[in-house]
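# Working through the structure, step by step
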Amino acid sequence: MSTRLFIAEKPSLARELAKGLGNGTNKDGYIEVGTDLVTWEYGHLLENFAPDDYDEKYKVWRSEDLPIVPQQWKMKIRKEGAKQVKVIKKLLADADIVVNGGDPDREGQLLVDELLEYLGNTKPVKRVLINALDEKSVKQALADLRDNEDFAGLKNSARARSYADWLVGTNLSRAYSIAGRNAGFPHVLRIGRVKTPTMSLVVRRENEIRKFQPVNYYELQVDWLYMDKVISSVWQPCEEEFNDCFDMDGRLLKQDVAVAVKEKIATSGEAGIVTCREDKEKQELQLLPYSLSALQVAAGRKYGYEPQAVLNAMQNLYEKKLTTYPRSDCSYLPENQLAEVDEIMGSLLGIEELQEFCRRAKTEIKSRAWNDSKISAHHAIVPTREKADLSRLSETEKNLYLMVAKAYVAQFYDVHKYNATKITIECAGETFTATGRQIIQMGWKELYASDKTSAEQEDSDEKEKLLPDIGEGESTAFHEAHIIDKVTKPPKRFTPSTLLQAMKEIHKHVKDKAAVKKLKSVAGIGTEATRAGIIDSLVSSGLLKKDKKYLIPSETAEAMVDFLPDELTRPDMTAEWEDGLEEIKEGRLDVQTFIAGKIDGVVACVEAASMLHIAPAADVVKCPICGKPMARRKGKKGYFWGCSGYPDCKQTFPDKKGKPDMEAKTGTGLTGKVWDCPKCGKSLRQIAGSKGLFWACEDKDNCGVKFSDYKGSPVIMKCPSCGEGYLRKVQGEKGTFWSCNRYPACKTIVENVGENE
């Protein structure tokens, strides 16, 4: 019998695969199940070569070395993965068939395939796709192994993305960090295809808030009486008649206009005549089950959870076999899972919070969520058949499980139906409209009736007010009128969850409108698995800061958006990338052609960075030797300050509470005192040397003149013989004398010179 080697993406998945295959025996780094072997990775066990792995010279960041483009891409084993790679290599030699057990997505496909290539595998490879870890789902997947070659496009697209991100991250981070270093930026400026546009969203939102000017505007509301019932309406002005009274968004800016109309209606004595009544039956389809991003946004709004916390909790629920694969970008379900509905609903019936909803559910209903054409590698996140004991879950896990479960149960409720009414009333030549809504069938919204906040309930009550049964041509009597003072509000700062939503809906933030359709079709920038981590990394790197629950940009982030080219700060580039990656996935484009295009773009950006002049910040600390900005750096013994002119200028200072300690006796012993150099016009710096104080020009390469010190000032005396050099004090064997600093070209010696002359 053939020996099959299953390689799972992580140990937890390997354990479930082994259970699905039968009773196994734990070994060192793998599980033996009869003739089958199950081993695992820990995510990616390999990583791309770093620049200095290709050449030692790249350890130092120099603009003349850019761009760095590997002639042949190479990978190396991660330090923490060396032992497991040895285990897999040994098992591979004994196997007849290999089964790729990576997660069912782009990266999951690549991380197993790249290891097999690295180890030189020639055995046939199959693919198992696991979307849920309950026993029945695992066994179904094991009975439906695919040919791994069918997923070559997925692997190639992941590899192309990896190479292209390496090119952009490596070259542009170096190019713009060098430019920033010359302007005194203390940090490495990390440039990323997704990270930089995400950071830019926060910067641009902050700029919008700063520039925002509140605008006062007015709304005239008029109430009418019809058979003892009140109809509340809003004035609909004719903008052509009052064209100078409105802004571009149709808001009334002049209160006196509203006052005049109010008085006109109140004193006209005319009835309000209904000129039009529209009644439309409308419906809202069932809320779709959650993708990861949709769940992160909803949980952020409902509970204030940050995206990474949601992902972590959903990973726990997945590993506890209570929910399906968490990193899903899909909100639909395969039709073959309709066969599992009764079993899943039976498990949910045992949960107190869901019992009544489950009893009233109609499992014969097939909502729009069941759609095979919308399924790729994943389906929506839903509960599994496992019975959940909510008492054993954390509060976050419990809340998220109930959100996922409730969305699933909602699929078996009727659609929400209501009657939307709009009435148009005319009086004294003016037009007013009133709207109302009457619920016909609550449907799936029953599950969410208790979830509304007081503000949401008030808004809902306003929308759902019932209008009287009045027909066209009937009259109403004026009751009262109110002028409502309103003011425009600035845009809200992003929270982590709303920033994640903006990443997913990035088409709303693009500059190039041609990219809108592309970005909409690829569901934004980043992936379900990476968006939360990207936001976290922007915060941990200091580019974004937290102000309570909101995100604000750092000064460095704002400066980066100012000087980086638009193609790096806008998401348009990702639209073009994702188009190419999709073509690779479908086999219509090869990796080499895709990467060649990215190299051209990197070369152009590197050239632009080399010509970029960034103005130093007003509060930047300048080097007392060469005048260039000082930058705070981290060395083996902690933080210190070094000149941005390194290696031409090697001036350093110790760090003292985030500032350079210029009074410390280090290296050259600079005191901080400055004088104009009489030779070149630059600055002389006072230095505390081993034999006392002296002065030296900051431009030591082109000028290099030095002077003695007398009571805190340089002694500047022209040589009386050559007229070009300057006299300097020299301590000889027989005492002190003065000589020309042009020695040996000028051998003038002067004795008994008074230092006060």
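All values derive from a computational prediction rather than experimental measurement. Residue indices follow the written sequence of each chain, beginning from 1 at its first position. Only residues with pLDDT of at least 70 are given local features in this predicted model, and only at 80 or more are side-chain atom pairs given and counted; all residues enter the totals for whole chains, interfaces and linings. Processing note: side-chain calculations cover all non-hydrogen atoms of the structure and skip hydrogens and water entirely.

### Points about the overall build of the protein
Basically, it comes down to this: Each helix corresponds to a stretch of at least 4 residues labelled H or I by DSSP, and each strand to a stretch of at least 2 residues labelled E; elements are numbered beginning at the N terminus. Only the C-alpha atoms count toward the radius of gyration. The rule for a globule is 2.2 Å times the residue count to the power 0.38. Here's how the labels work: a residue is buried when its accessible area is under 20% of the maximum for its type, exposed when over 50%, partly exposed in between, all with a 1.4 Å probe on protein chains only. For the charge count, each Lys or Arg is scored as positive and each Asp or Glu as negative, with His and the chain ends excluded. The location of each charge is read from NZ of Lys, CZ of Arg, CG of Asp or CD of Glu.
Of the regular secondary structure elements, the protein holds 21 helices and 29 strands. In terms of C-alpha radius of gyration, the protein reaches 36 Å, well past the compact-globule figure of 27 Å for 757 residues. Taken along the three principal axes of its C-alpha coordinates, the protein extends 120 × 95 × 50 Å. When each of the 757 residues of the protein is scored for burial, the buried share is 47%. Averaged over its 112 positive side-chain charges, the protein has a centre that lies 8 Å from the centre of its 114 negative ones.

### Focus: the packing of aromatic side chains
Threshold: Centres within 6.5 Å make a pair out of two Phe, Tyr or Trp rings, where for Trp the six-membered ring is used; the pair is then stacked when the planes are under 30 degrees apart, edge-to-face when over 60, and tilted otherwise. Lysine NZ or arginine CZ positioned within 6 Å of the ring centre and within 35 degrees of the ring normal marks a charge as sitting over the ring.
Under the criterion given, the structure shown has 16 aromatic pairs. When the centroid spacing of 5.5 Å and the interplanar angle of 70 degrees are considered together, the rings of Trp224 and Phe432 count as edge-to-face. Of this pair, Trp224 sits in strand E10 (residues 216–226) while Phe432 sits in strand E14 (residues 430–441); the two residues are 208 residues apart in sequence, bridging distant segments of the chain. On the basis of relative accessible area, Trp224 is assigned to the buried category, the value being 0%. Ring centres of Trp370 and Tyr408 lie 6.4 Å apart, and the angle between their planes is 75 degrees; on these two criteria the pair is classed as edge-to-face. Of this pair, Trp370 sits in the loop between helix H12 (355–360) and helix H13 (395–409) while Tyr408 sits in helix H13; the two residues are 38 residues apart in sequence, bridging distant segments of the chain. For Trp370, a relative accessible area of 4% puts it in the buried group. On the basis of relative accessible area, Tyr408 is assigned to the buried category, the value being 1%. For Arg205, the ring lying beneath its charged end belongs to Phe494, and the centroid distance is 4.2 Å. Geometry around Tyr448 places Lys406 over its ring, the cationic atom sitting 5.7 Å from the centre.

### Observations concerning the nonpolar core
Test applied: Here the nonpolar core consists of buried residues drawn from Ala, Val, Leu, Ile, Met, Phe, Trp, Tyr and Cys, with membership extended through side-chain atoms lying within 4.5 Å. Any two residues whose heavy atoms approach within 4.5 Å at even a single point are treated as in contact.
By size, the foremost hydrophobic cluster in this structure holds 54 residues, and its most contacted members are Leu172, Tyr176, Met199, Leu499, Met560, Phe563 and Phe594. Counting residues per element, the ones that place at least two in this core are helix H6 (152–181), helix H7 (195–211), helix H15 (496–504), helix H17 (531–540), helix H18 (555–563), helix H20 (572–585) and helix H21 (591–610). When residues in this core are grouped by element, the largest group, 10 residues, is from H6. With residues near it in sequence (within four places) discarded, Met199 still touches Leu538, Leu543, Leu544, Ala557, Met560 and Val561. Leu292, Tyr305, Leu354 and Leu447 belong to the second-largest nonpolar core, a separate cluster that totals 44 residues.

### Some remarks on the packing of H6 against H20
Cut-off, in case you're wondering: Axis definition: a line fitted to C-alpha atoms, over the contacting stretch in the case of helices. Angles run 0 to 180 degrees between N-to-C directions. When the near helix sits turned anticlockwise from the far one by under a right angle, the crossing is termed left-handed; a clockwise turn instead gives a right-handed crossing. Under the convention adopted here, Pro, Cys and the residues Ala, Val, Leu, Ile, Met, Phe, Trp and Tyr are nonpolar, Asp, Glu, Lys and Arg are charged, and Gly plus all remaining residues are polar.
Packing of H6 against H20 brings their axes to within 7 Å, and their N-to-C directions diverge by 145 degrees. The crossing of H6 and H20 is right-handed. Between H6 and H20, the residues in contact are Gly153, Leu154, Asn156, Ser157, Ala160, Arg161, Ala164, Asp165 and Val168 and Trp577, Leu581, Ile584 and Lys585, respectively. Here the contact of H6 with H20 is built from residues that sort into 7 nonpolar, 3 polar and 3 charged.

### Things to note about the pairing of strand E15 (residues 475–487)
Stated precisely, the cut-off is as follows: For two strands to count as paired, DSSP must find a minimum of two bridges between them.
Of the strand pairs in this sheet, E10 and E15 are connected by 10 bridges, and their pairing is antiparallel. Its bridge partner lying in E15, Leu220 is registered against Ile483. Pairing between strand E12 (residues 272–284) and E15: 2 bridges, direction antiparallel. When the sheet's bridge partners are listed, Gly272 is paired in E15 with Thr476.

### Some thoughts on the sheet that holds strand E29 (residues 749–750)
Taken together, 3 strands build an open sheet; the order of strands is E27-E28-E29 and the sheet is antiparallel. The strands lining the two open edges of the sheet, one partner per strand, are strand E27 (727–732) and E29. Note that E27 and strand E28 (residues 735–740) share 6 bridges and pair antiparallel. If you follow Gln731 over to E28, its bridge partner there is Thr736.

### Considerations on the pattern of salt bridges
Stated precisely, the cut-off is as follows: For this analysis, a salt bridge means a side-chain nitrogen from Lys or Arg found within 4 Å of a carboxyl oxygen belonging to Asp or Glu.
Enumeration according to the criterion identifies 46 salt bridges in this entry. Two residues, Arg277 and Asp279, come together in a salt bridge whose shortest N-O distance is 2.7 Å. Through salt bridges that share partners, Asp134, Lys136, Glu340, Glu343 and Arg385 make up one connected network.

### Observations concerning the environment of Tyr448
Rules: For the purposes of these results, a polar contact is taken to be a pair of N or O atoms within 3.5 Å, where, inside protein, one atom must be able to donate a hydrogen and its partner to accept one; residues adjacent in sequence count only when each atom of the pair is a side-chain atom.
Tracing the backbone shows Tyr448 in the loop between E14 and helix H14 (454–463). Judged by relative accessible area, which is 16%, Tyr448 ranks as buried. It is 9.4 Å that separates the C-alpha atoms of Tyr448 and Ala410, two residues lying 38 residues apart in sequence. In this view, Tyr448 contacts Leu287, Lys406, Ala407 and Ala410; residues no more than four positions away in its chain are not counted. At a separation of 3.5 Å, a polar atom in the side chain of Tyr448 contacts the main-chain amide nitrogen of Ala407.

### Things to note about H15
The complete set of buried residues in H15 reads Pro496, Ser497, Leu499, Leu500, Ala502 and Met503. Residues of H15 that are buried in the fold lie against H7, helix H9 (292–303), helix H10 (307–319), H17, strand E16 (544–547) and strand E17 (550–553).

### Looking at the environment of Leu111
Along the polypeptide, Leu111 turns up in helix H4 (residues 106–118). Leu111 sits in the buried class, given a relative accessible area of 3%. Residues Leu111 and Leu45 lie 66 residues apart in sequence; the distance between their C-alpha atoms is 7.5 Å. Setting aside its immediate chain neighbours within four residues, Leu111 contacts Glu9, Glu41, Gly43 and His44.

### Things to note about the pairing of strand E4 (residues 36–40)
Of all the 5 residues making up E4, 5 are buried; the element is thus mostly covered by neighbouring parts of the structure. Burial along E4 is two-sided: Asp36, Val38 and Trp40 facing one way and Leu37 and Thr39 facing the other are all buried. Looking at chain direction, strand E3 (residues 30–33) and E4 are connected through 4 bridges and run antiparallel. Opposite Ile31, over in E4, you have Val38 as the bridge partner. Between E3 and the antiparallel strand that follows it, E4, lie 2 residues; Gly34 among them carries a positive phi value of about 60 degrees.

### Overview of unusual backbone geometry
Leu66 connects to Pro67 through a cis peptide bond whose omega is 0 degrees. If you check the backbone angles, Lys548 has positive phi at about 60 degrees while not being a glycine. Positionally, Lys548 belongs in the loop between E16 and E17.

### Observations concerning the packing of H7 against H17
To keep it simple, the criterion reads: Note on angle classes: values under 35 degrees are labelled roughly parallel, values over 145 roughly antiparallel, values of 65 to 115 roughly perpendicular, and the remainder oblique.
Relative orientation of the contacting elements H7 and H17 amounts to 70 degrees, with a least axis distance of 10 Å. When the axis of H7 is compared with that of H17, the two are roughly perpendicular. The interaxial crossing formed by H7 with H17 has right-handed handedness. Of the residues in H17, those in contact with Lys195, Thr198 and Met199 of H7 are Ile534, Ser537 and Leu538. The residue inventory of the contact of H7 with H17, partitioned by class, reads 3 nonpolar, 2 polar and 1 charged.

No statement about biological role is implied by the geometric values presented.
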